[in-house]
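Observations on chain architecture
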Amino acid sequence: MAEQKRPFDVLNESKGKNILVELKNGKTISGKLIAFDPHINISMENAKEVSQSGETVREVGKLFIRGDMIISISPGE
Amino acid sequence: MAEQKRPFDVLNESKGKNILVELKNGKTISGKLIAFDPHINISMENAKEVSQSGETVREVGKLFIRGDMIISISPGE
Amino acid sequence: MAEQKRPFDVLNESKGKNILVELKNGKTISGKLIAFDPHINISMENAKEVSQSGETVREVGKLFIRGDMIISISPGE
Amino acid sequence: MAEQKRPFDVLNESKGKNILVELKNGKTISGKLIAFDPHINISMENAKEVSQSGETVREVGKLFIRGDMIISISPGE
Amino acid sequence: MAEQKRPFDVLNESKGKNILVELKNGKTISGKLIAFDPHINISMENAKEVSQSGETVREVGKLFIRGDMIISISPGE
Amino acid sequence: MAEQKRPFDVLNESKGKNILVELKNGKTISGKLIAFDPHINISMENAKEVSQSGETVREVGKLFIRGDMIISISPGE
Amino acid sequence: MAEQKRPFDVLNESKGKNILVELKNGKTISGKLIAFDPHINISMENAKEVSQSGETVREVGKLFIRGDMIISISPGE
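Source: prediction; values computed, not measured.

Some points on the overall build of chain A
- What chain A contains, in helices and strands, is one helix and five strands.
- Counting from the amino terminus, chain A carries its helices and strands in the arrangement α-β-β-β-β-β.
- Across its three principal axes, chain A shows a C-alpha extent of roughly 45 × 25 × 20 Å.
- Across the 77 residues in chain A, those meeting the buried criterion constitute 49%.
- Of the contacts made within chain A by residues no fewer than 6 positions apart, 38% connect residues no fewer than 24 positions apart.
- If you sum the accessible surface of chain A, you get close to 3,900 Å²; carbon and sulfur atoms cover 47% of it.
- Distance between charge centroids for chain A: 4 Å, based on 11 positive and 11 negative side chains.

Structural data, given as structure tokens:
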């Protein structure tokens, strides 16, 4: 029997890897996903704000993002 | 006796198939629906942002979308 | 003794019939109501976006709408 | 001992009578209150959108309004 | 031992008295507080919309206001 | 063992003292904190709206503020 | 077996240290994190509003921030 897939699978697979996070204020954050919880609160390392074209706007480092600000999360390269 | 229909039926039928997702920030995402949960958090594969006329604006690939950003989901062609 | 009326009665009576759905983004969707749940998540068939004057703007077909986007639902003709 | 009054009393007294409903999108709906629930979801009959000066803008008929769109409800004449 | 004070005390003391209610849409309502519940849903009598300078803009009468629209409530004169 | 600190400590220490409250509508309220609850609903006495530079814009007196309108609370001088 | 990481770890590690808090109204607060709770309500000491370039705009001192106003928290230097 096939295992039931869940939306959080893509976040679990991305732990320790680079992700792109789109925020509701129009900003995009790139960095390594360290942890997430059911509210989609996340913590990242080597986080940086990036422009639409992928260039670094601002270096942040460790970062906690409140889940309700997040639009989407995609695995980065 | 007729089986009770639920709104999530249309999402269950769309698993593994293409969907169009309208977001509250005005963007439209096209791609394959992998999973969803009761908050309408969804995960997709081959996701891409598309314009009103259906042209690809940006390739994304795997994508997690937070449910509270979603307006509507329709099965794609 | 009179039966207690509930707001969802008008939605139950509309199952399988045409409804007009007003959304918080200013759009109006017309189509057949298939199902709804207590969050007012709904699924529709033959859904189409219509203008204020009732003309079809866009054909959608099957559609899932997240309840928190809905302003109002009225039985259509 | 005086009976404890509750905010919903004014809605219970208005069942089957005309009410004016102010919505968060700036619109005002007039019509007969049929039912409400604890989320202030309401159903109406003979609903119509009215202008500030009370003139009918649009006839709606039966209407379900999601509670989170409602600012206020007042008994009509 | 001193009795524990609660924010709702000021609302309980205002029952049957005039209050000023500031709403999130920028409007101010003056009138007699009849009842409130834990969501700050309130019912009023002799309610009227007033301008910043305290002049009556519109007579309303009995009024139910949904709690999530309320910014603040102050006892009136 | 050190006692666990909680965010509400700063509010408990401020009871009966002057606080500055920043609201989501851009206004700042100064006055004595009387009580608060877990939703950050608060009641104040001698409340007044103050400008950025600290000048009184409007005297209010007793005031109930709904918690979801509050950005921050700081002890005043 | 590796210990499960949680998003709140970065906040726990920052207790008693400087943090940068981005708020939904576009402001940035710098200061020492004293405490936080599961809603991300936080209390700070030596808090000050800072500009994009890190200059102090306004000294605040002790500060309580309601969690739903917070976008992100990063450890400061």
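Points about the arrangement of the chains
- Across the gap from chain B to chain D, with no contact made, the nearest C-alpha atoms are 15 Å apart.
- Taking C-alpha atoms only, the smallest gap left between chain C and chain G, which are not in contact, amounts to 18 Å.

So, the relation of the copies chain E and chain F
- When chain E is brought onto chain F, the operation consists of a screw motion whose angular component is 51° and whose axial shift is 0.0 Å, with 0.0 Å RMSD remaining.
- Here only 5% of the interface residues in chain E have copies in chain F that are interface residues too; the copies meet through unlike faces.

Regarding the relation of the copies chain A and chain B
- Mapping chain A onto chain B leaves a residual RMSD of 0.0 Å; the transformation is a rotation of 52° accompanied by 0.0 Å of translation along its axis.
- When the interface residues of chain A are mapped onto chain B, a mere 5% of them again fall at the interface, so the copies present different faces.

As for empty space enclosed by the protein
- One pass over the full model with this rule turns up two cavities of 30 Å³ or more.
- Within this model, the largest cavity holds a volume of roughly 60 Å³.
- Every residue lining the largest cavity is listed: E22(D), I71(D), S72(D), L23(E), N25(E), K27(E), I29(E), R58(E), V60(E), L63(E) and I65(E).
- Those elements giving two or more residues to the lining of the largest cavity turn out to be β5 (70-75) of chain D together with β4 (56-65) of chain E.
- Sorting elements by how many residues they give to the lining of the largest cavity places β4(E) first, with four residues.
- Across the lining of the largest cavity, the residue classes tally to six nonpolar, two polar and three charged.

Describing the packing of aromatic side chains
- Within this structure, the stated rule accounts for 14 aromatic pairs over all chains.
- Ring geometry for F8(E) versus F36(E): centroids 5.5 Å apart, planes at 70°, classification edge-to-face. Residue F8(E) is located in the segment before α1 (9-14), and its partner F36(E) is located in strand β2 (residues 28-36); the two are separated by 28 residues in the primary sequence. The same class applies to F8(E) and to F36(E), which are both buried.
- Each ring, one from F8(F) and one from F64(G), has its centre 5.9 Å from the other, and the planes form 40°; the classification is tilted. Of this pair, F8(F) sits in the segment before α1 (9-13) while F64(G) sits in strand β4 (residues 56-65), which puts the two residues in different chains.
- Three or more aromatic residues joined by ring pairs form one cluster here, namely F8(A), F36(A) and F64(B).

With respect to unusual backbone geometry
- With a phi close to 65°, I40(C) is a non-glycine residue in the positive phi region.
- Tracing the backbone through its elements, the reader meets I40(C) in the loop between β2 (28-36) and β3 (42-50).
- Residue I40(C) is classed as buried on the basis of its relative accessible area of 1%.
- With phi around 55°, N46(D) is a residue other than glycine that occupies positive phi space.

So, the interface of chain E and chain F
- The partner chain F presents 20 residues to the 20 residues of chain E that form the contact.
- Summing both partners gives a buried area of about 1,600 Å² for chain E against chain F, and 59% of it is carried by carbon and sulfur.
- Of all residues in chain E, the largest losses of buried area upon contact with chain F belong to K5(E), P7(E) and I71(E), amounting jointly to 33% of the total for that side.
- In this structure, K24(E) engages D68(F) in a salt bridge whose closest nitrogen and oxygen atoms are separated by 2.6 Å.
- In this structure, the connection of chain E to chain F is made through seven residue pairs in polar contact (both at pLDDT 80 or more).
- Within the residue set of the side of chain E that touches chain F, elements represented by two or more residues are α1 and β5 (70-75) of chain E.
- If one sorts the elements of the side of chain E that touches chain F by residue count, β5(E) sits on top with six residues.
- Pairing between β5(E) and strand β4 (residues 56-65) of chain F: two bridges, direction antiparallel. Note on β4(F): the bridge partner recorded for I73(E) is F64(F).

A closer look at the interface of chain A and chain B
- Between chain A and chain B, the residue contacts involve 20 residues of the former and 20 residues of the latter.
- A per-residue breakdown of the area chain A buries against chain B is headed by K5(A), P7(A) and I71(A), which together make up 33% of the total.
- Where chain A packs against chain B, one counts four salt bridges.
- If you look at where chain A meets chain B, you find seven residue pairs in polar contact (both at pLDDT 80 or more).
- Breaking the side of chain A that touches chain B down by element, the ones donating at least two residues are α1 (9-13) and β5 (70-75) of chain A.
- By residue class, the composition of the side of chain A that touches chain B is nine nonpolar, five polar and six charged.

What about the environment of G76(E)?
All names here are of chain E.
- Its place among the elements puts G76 in the segment after β5.
- Once the C-alpha coordinates of G76 and I19 are considered, the two residues, 57 residues apart in sequence, prove to be 4.4 Å apart.
- Setting aside residues up to four positions removed in sequence, G76 forms contacts with N18, I19 and L20.

A short note on the pairing of β2(C)
All names here are of chain C.
- Buried residues dominate β2, accounting for eight of its nine residues.
- Pairing of strand β1 (residues 18-23) with β2 involves five bridges; the strand directions are antiparallel. The residue of β2 that forms the bridge with N18 is K32.
- The turn joining β1 and β2, which pair antiparallel and follow one another in sequence, is formed by four residues; a positive phi near 90° is taken by G26.
- Relative to β3, β2 runs antiparallel, the two sharing seven bridges. Looking at the pairing, A35 lines up with S43 of β3.

About the criteria used
Residues numbered from 1 in each chain as written. Chains lettered and ligands numbered in written order. Predicted model: local features only at pLDDT ≥ 70, side-chain atom pairs only at ≥ 80, totals over all residues. Heavy atoms only, no water. Helix = DSSP H or I, 4+ residues; strand = E, 2+ residues; numbered from the N terminus. Buried < 20%, exposed > 50% of the residue type's maximum accessible area, 1.4 Å probe, protein only. Contact = heavy atoms within 4.5 Å. Areas by Shrake-Rupley, 256 points an atom, 1.4 Å probe, with all protein chains shown as cover. Lys, Arg positive; Asp, Glu negative; His and termini not counted. Charge placed at Lys NZ, Arg CZ, Asp CG, Glu CD. Least-squares fit on C-alpha atoms with pLDDT ≥ 70 in both. 1 Å grid on protein atoms, 1.4 Å probe; cavity = no way out; pocket = protein on both sides within 12 Å on 5 of 7 lines; lining within 4 Å. Points joined across faces, edges and corners; volume = space filled by probe spheres on them. Nonpolar A, V, L, I, M, F, W, Y, C, P; charged D, E, K, R; others polar. Phe/Tyr/Trp six-rings, centres within 6.5 Å; stacked < 30°, edge-to-face > 60°. Buried area = accessible area lost by both parts, 1.4 Å probe. Salt bridge = Lys/Arg side-chain N within 4 Å of Asp/Glu carboxyl O. Polar contact = N/O pair within 3.5 Å; in protein donor to acceptor, adjacent residues only side chain to side chain. Pairing = 2+ DSSP bridges.

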